[in-house]
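# A look at the structure
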Amino acid sequence: MSTRAFPLTLRVTVSEATPEEIREKAVARALSFFGVGAELDVISAEAEPDAEVEGRYRATVLFRKVA
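Values in this document were obtained by computation on a predicted structure and should not be read as measured data.

### Topic: the nonpolar core
- Residues L10, V12, V14, I22, A26, A30, F34, A38, A59, V61 and F63 constitute the largest nonpolar core, which totals 11 residues.
- For this core, the secondary-structure elements that each account for two or more residues are β1 (9–16), α1 (19–34) and β3 (57–65).
- It is α1 that provides the largest number of residues to this core, a total of four residues.
- Non-local contacts of A26, meaning those with residues more than four positions away in its chain, are made with V12, V14, V61 and F63.

Structure, rendered in structure tokens:
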């Protein structure tokens, strides 16, 4: 395998009020990293109540660009 081209994953953590808002914000961050036209796989996604802000949830999503 070439050291010039290898798969990268991106871990994004966001805090929002709804699952839809979490998805939108996480995908927007991933696309800004991988490129607007990138096709992405979600490897994992976990959400929990945000301890710092009442009524919000903190989610960590792990993305990988489709080869």
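### Remarks on the side chain of E16
- Checked against the element boundaries, E16 lands in strand β1.
- Side-chain polar atoms of E16 contact the side chain of K25, separated by 3.0 Å.
- At 3.4 Å, the side chain of E16 forms a polar contact with the side chain of R56.
- Setting aside anything within four residues of it in sequence, one finds E16 in contact with E21, I22, K25, R56 and Y57.

Criteria and cut-off values
Residues numbered from 1 in each chain as written. Predicted model: local features only at pLDDT ≥ 70, side-chain atom pairs only at ≥ 80, totals over all residues. Heavy atoms only, no water. Core = buried A, V, L, I, M, F, W, Y, C linked by side-chain atoms within 4.5 Å. Buried < 20%, exposed > 50% of the residue type's maximum accessible area, 1.4 Å probe, protein only. Helix = DSSP H or I, 4+ residues; strand = E, 2+ residues; numbered from the N terminus. Contact = heavy atoms within 4.5 Å. Polar contact = N/O pair within 3.5 Å; in protein donor to acceptor, adjacent residues only side chain to side chain.

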